[in-house]
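# A structural walkthrough
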Amino acid sequence: MRTSFFSLLILIVLATACKSSQMGEKVKEPFTSSKYFSSKRYWRSTGSGTSADLNIAKQKAQLEARKNLASEVQTNIKAVADQYMKQQDIGDREIFEKSFEQLSREVLNTELANASVHDQQTFKKENGQYIHYVAMEAHKKNMFRTLKRINASKADLSEAQRAQIEKMIDTQLAELED
């Protein structure tokens, strides 16, 4: 009897100890499936916002999604430019890089305003707070076409720089056609 009581006590202690060391319940947020990831045709991002006011929660979510989208686009465009510069003989790399960075910032400012909401969901928590999730996307072709249009109108670029950037953009647009 005493052994079974002792065994039962050990089991209770172990069960309690194991339970307290767990990390908690796993939470699955919306928009985590592959259809919300960037693809060959679209850059995509998600964001969430929490507030007692639904409109503020939506604004926070969109702001976060746009920030994430801008970061992804900028990283991708920089990688394309870096790869292009490694493959080509570019005279003054520093000037080319600086010009291209300025150009891509202008495009981001223009095109992110045109980014569309891909999906959104709102939940109301028990404490009355709203949590809003949003998934946004920007079409890659549109982004590169805008980049090409702005490049053609840049007065501070030399003809050689403009031609190099246009060639790089045309290569990206051709890859998007495949």
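Structure: above.
Not measured: the values here are computed from a predicted model. (Residues numbered from 1 in each chain as written. Predicted model: local features only at pLDDT ≥ 70, side-chain atom pairs only at ≥ 80, totals over all residues. Heavy atoms only, no water.)

This part is about the overall build of the chain. Helix and strand content of the chain: five helices and three strands. In the chain, the order of α-helices and β-strands from amino to carboxyl end is α-β-α-α-β-β-α-α. Split into buried and exposed, the 178 residues of the chain put 33% on the buried side. Restricting the contact set of the chain to residue pairs at least 6 apart, pairs at least 24 apart contribute 66%. As displayed, the chain offers around 11,700 Å² of accessible surface, 52% of which is attributable to carbon and sulfur atoms. (Helix = DSSP H or I, 4+ residues; strand = E, 2+ residues; numbered from the N terminus. Buried < 20%, exposed > 50% of the residue type's maximum accessible area, 1.4 Å probe, protein only. Contact = heavy atoms within 4.5 Å. Areas by Shrake-Rupley, 256 points an atom, 1.4 Å probe, with all protein chains shown as cover.)

The terminal C-alpha atoms of helix α4 (residues 140-153) lie 20 Å apart, and with 14 residues this matches the ideal 20 Å at 1.5 Å per residue to within 8%. For α4, the set of buried residues is K140, K141, M143, F144, T146, L147, I150 and N151. Of the surrounding secondary structure, the elements contacted by the buried residues of α4 are β1 (42-51), α2 (54-87), α3 (93-112), β3 (130-139) and α5 (159-177). (Expected span 1.5 Å × (residues − 1).)

Moving on: the side chain of K140. Structurally, K140 can be placed in helix α4. If we skip the residues at most four places from it in the chain, K140 touches S39, K40, R41, Y42, W43 and L176.

Our focus in this paragraph is the pairing of β1. Counting buried positions along β1 gives seven out of ten residues, so the element sits mostly inside the fold. Examined bridge by bridge, β1 and β3 share ten bridges and lie antiparallel to one another. Opposite W43, over in β3, you have A138 as the bridge partner. (Pairing = 2+ DSSP bridges.)

For the rest of this paragraph, the subject is the nonpolar core. In globular proteins that are soluble, nonpolar side chains generally tend to be buried together. Residues F100, F144 and I165 are the most contacted members of the largest nonpolar core, which totals 31 residues. Sorting the residues of this core by element identifies α2, α3, β3, α4 and α5 as the ones contributing at least two each. No other element matches α2, which puts ten residues into this core. Excluding residues that lie within four positions of it along the chain, I165 makes contacts with F96, F100, L103, N151 and L157. (Core = buried A, V, L, I, M, F, W, Y, C linked by side-chain atoms within 4.5 Å.)

With that settled, the discussion passes to the pattern of salt bridges. Using the criterion set out here, one finds five salt bridges in the structure. Here E177 and K141 are joined by a salt bridge, their closest N and O atoms 2.9 Å apart. Of this pair, E177 sits in helix α5 while K141 sits in helix α4, placing them 36 residues apart in sequence. Among the residues examined, E177 registers a relative accessible area of 52% and is labelled exposed. Between E166 and K148 there is a salt bridge whose closest N-O contact spans 4.0 Å. Residue E166 is located in helix α5, and its partner K148 is located in helix α4; the two are separated by 18 residues in the primary sequence. Overall, the relative accessible area of 32% leaves E166 in the partly exposed class. Assessed through its relative accessible area of 27%, K148 is described here as partly exposed. Each of the salt bridges in this network shares a partner with another, and the network as a whole consists of K148, E166 and D170. (Salt bridge = Lys/Arg side-chain N within 4 Å of Asp/Glu carboxyl O.)

The axes of two packed helices give the description: the angle between them and the distance between them. Relative orientation of the contacting elements α3 and α4 amounts to 125°, with a least axis distance of 9 Å. It follows that α3 is oblique to α4 by the angle criterion. The handedness of the crossing between α3 and α4 comes out as right-handed. The residues of α4 that touch α3, namely those facing F100, L103, S104, E106, V107, T110 and E111, are N142, M143, T146, L147, I150 and N151. (Axes fitted to C-alpha atoms, helices over the stretch in contact; angles between N-to-C directions. Parallel < 35°, antiparallel > 145°, perpendicular 65-115°, else oblique. Left-handed = near helix turned anticlockwise from the far one by under 90°.)

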